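In case you want the letters, here they are:
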Amino acid sequence: MPRRPATSKEGLGRSNEPPVLILTSLAGGSKHGYALTKDIELFAGVTLGPGTLYGAITRLEERGLIEPDTVGREERRRPYRITGSGRVALEGAVRDMQRLADEGAQRLGIGTIVPAFGRPR
Amino acid sequence: MRADRDERLLRWYPSRWRSRYGDELRALLEDRYGPAGGVPVGDCLGLVRAGLTERAREGGFVGASQGPAERMRAGSVLVVCGWALVLVAGAVFGKFSDNWSTGTPRADRWVASWSYDVVAVAGTLGCVLTLVAAFVAVPAFARLRRRGGWASVRRPVARAAVGVAAAAVAFGALLFWAHHLSSHDRNGGLPVYGALFVVVCVAAVAALAWSTVAAVAVVRHMEPPARTLRVLAAMAVALSALMLVTFAGVVAWWVSEALHAPGVLLDGIGGGVPFDSRFVPPALLVVGALMIAGLVLALSGTVRIARAARLGGPSA
C-alpha cells in the first residue's frame, strides 16, 4: 500500500514541477527571476518559460513558501528567498522523491542510488 | 518597441497582479531576450495562458486563492454564462420545433408532447428565476452606485441596454411585418424577410451576450451582504437544475421524433444544410452543442458554489 501519493493538492508536485525546482534553487541562496531560470537550467536541464516561472512564484509566495529578499534588493530584479515553511515543504518533497528512487532502485536490483535523506548512517 | 512588446504580453494579466509582479516580469523578459529581442511564440503563449490563469484565480473561478464568498460569486457567474448559452439553444430549438405536432402521428405524440412541455416550463421557470435574481440584486447594485462603482460597470451596462433596445425594436418591426405576410412568404418565400429574420436573430444573440457580460461585470463589482449572496448562489444552483431538465426534455423530444416522425426533423430549419439527416439535423446538433457547453459551465459553477458552501460560505 502506498504511503503517500507523490503529487497532492497540498504538496509541491513531482521533481520536475516548477515549485520543486524553484524551491530547490532558492535553497542554495536567494535569486531573482532570471537567475532562477539559469540555475534551474543548470541543475535540472529544464527551461522554465516566463509565464510558468512567475505563475509558480505567485503560488509559492501566496502559500508563504518563499518571500522577497529585502537584502540587496533592486526594484525591478527583486530576489526571492525560501522561508522556513518552504524548507519544510521542500524537505517533504525530497523525502517523497527519495522513497520513490529507493523503491525503483530496489526493484531494479541496483541498490540505493543516492544516500538516503535523513536516514541514520 | 520593447515596451510595446512587454505591455502587450502583460495585458493578459489582471491589473493587481501586474502592479505586484509586472516590473519583475519585464526585467526577466529584458534579461532573457535582450532589450529588442522577440519573445518566442511558445513563451508568448505561455504568458497568455499564465495571464488568463491569474485572471481566473483572481476572479475565484479556479484555485484556492480567493475566499468562499468570492468562489460562490464566481460559481454564480459561471451558471449565468451557461444559462445564456442554454437560452440561445432554447430559441433555436423553439424555432426548429415550430409546428412539430402537425407532422407527428397522433398516437406517437405523447412523449414528444410531454418533453416539449417540460422544456417550455423549465425554460420559463429559468427566465422567471433570472428576473427574480436580478430583483434580489437591486439593493446591492444601488449600493455599488452609491459608493461610486458605477464607472466600472457603466460601459457594459450601457452597451447591453442599447443592444436590448435595438434587438427589441428590430424584433417588433419583424413581428409587425410578419403579420402582413403569408405563411409561404414567412417560410422562405420572401428572401428579404429571411435576411431580416437572420439579422434580428444575430441582434438578439448579441443583446443576450452583452447582457450577460453586463450581468457578470455587475456581479463581480457589487458587494452583496452574505445572506443575499447565499440566496443568489442558491438560485444559481436551481437554475443549473432547470438547465439539466431542459436538456433532458430536448433529448427526449429529439429521440421521440427521430423514432416516430423523422420527417419533422428533416424539414426543420437548416434541414439538408450542410448534410441531410432524418435523425441528427444540423440545427439540433447546434442546439445540443450549445446546451452541453452551457451545462458544463453551469455544473462547474454549481460545484464551485457547493465547495464554497462546504467551506462555510460567505461570512456575514
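Remember, predicted model here, so these are calculated numbers, not experimental data. (Residues numbered from 1 in each chain as written. Chains lettered and ligands numbered in written order. Predicted model: local features only at pLDDT ≥ 70, side-chain atom pairs only at ≥ 80, totals over all residues.)

**Student:** Break down the overall build of chain A for me, citing the residues and quoting the values.
**Tutor:** Scanning chain A from terminus to terminus reveals four helices and two strands. In sequence order, the secondary structure elements of chain A are arranged as α-α-α-β-β-α. Out of the 121 residues belonging to chain A, those deemed buried represent 31%. In chain A, of all internal contacts separated by at least 6 residues, the share reaching a separation of at least 24 is 43%. (Helix = DSSP H or I, 4+ residues; strand = E, 2+ residues; numbered from the N terminus. Buried ≥ 20, exposed ≤ 12 C-beta atoms within 10 Å, placed from the backbone. Contact = placed C-beta atoms within 7 Å.)

**Student:** An account of the overall build of chain B is needed here, citing residue identities and associated values.
**Tutor:** Across its full length, chain B holds 12 helices and zero strands. Scanning chain B from its N terminus toward the C terminus, one meets helices and strands in the order α-α-α-α-α-α-α-α-α-α-α-α. Along the first, second and third principal axes, the C-alpha atoms of chain B reach 70 × 50 × 35 Å. Within chain B, the proportion of its 316 residues that are buried is 34%. Here the analysis covers contacts within chain B between residues at least 6 apart in sequence; of these, 80% occur between residues at least 24 apart.

**Student:** Outline the interface of chain A and chain B, supporting the account with residue identities and numerical values.
**Tutor:** Between chain A and chain B, the residue contacts involve 14 residues of the former and 18 residues of the latter. For the side of chain A that touches chain B, the elements supplying multiple residues, two or more each, are helix H2 (33-44) and helix H3 (50-62) of chain A. The leading source of residues in the side of chain A that touches chain B is H3(A), at seven residues. Split by residue class, the side of chain A that touches chain B holds three nonpolar, six polar and five charged. (Nonpolar A, V, L, I, M, F, W, Y, C, P; charged D, E, K, R; others polar.)

**Student:** Explain H3(A) to me, and be specific about the residues and the numbers.
**Tutor:** Helix length check: H3(A), at 13 residues, gives a terminal C-alpha distance of 18 Å against a target of 18 Å (1.5 Å per residue), a fit within 8%. Residues of H3(A) that are buried: Pro50(A), Gly51(A), Thr52(A), Leu53(A), Tyr54(A), Gly55(A), Ala56(A), Ile57(A) and Leu60(A). Those residues of H3(A) that are buried lie in contact with helix H1 (18-27), H2, strand S1 (66-68) and strand S2 (80-82) of chain A together with helix H2 (15-33) and helix H3 (41-58) of chain B. Gly64(A) occupies a position one or two residues after H3(A) and carries a positive phi of about 75 degrees. (Expected span 1.5 Å × (residues − 1).)

**Student:** Any details on the domain arrangement of chain B? Residues and values, ideally.
**Tutor:** What the domain assignment lists for chain B is domain 1 (1-21 + 29-47) and domain 2 (71-310). One C-alpha centre belongs to domain 1 of chain B, the other to domain 2 of chain B, and the line joining them spans 39 Å. (Domains from an automatic or database assignment.)

**Student:** If you had to explain the nonpolar core to someone new, which residues and values would you point to?
**Tutor:** Residue and element names in this part refer to chain B. Core analysis: the largest hydrophobic core is formed by 61 residues, its most contacted members being Trp 83, Val 88, Ala 89, Met 243, Val 250, Val 287 and Met 291. Contributing elements (two or more residues each) for this core: helix H4 (68-96), helix H5 (109-136), helix H7 (150-178), helix H9 (191-221), helix H10 (226-260), helix H11 (262-267) and helix H12 (282-310). A total of 17 residues in this core trace back to one element, the largest contributor, which is H4. Beyond its immediate stretch of four places on either side in the chain, Val 250 contacts Phe 93, Val 119, Val 287 and Met 291. (Core = buried A, V, L, I, M, F, W, Y, C linked by C-beta atoms within 7 Å.)

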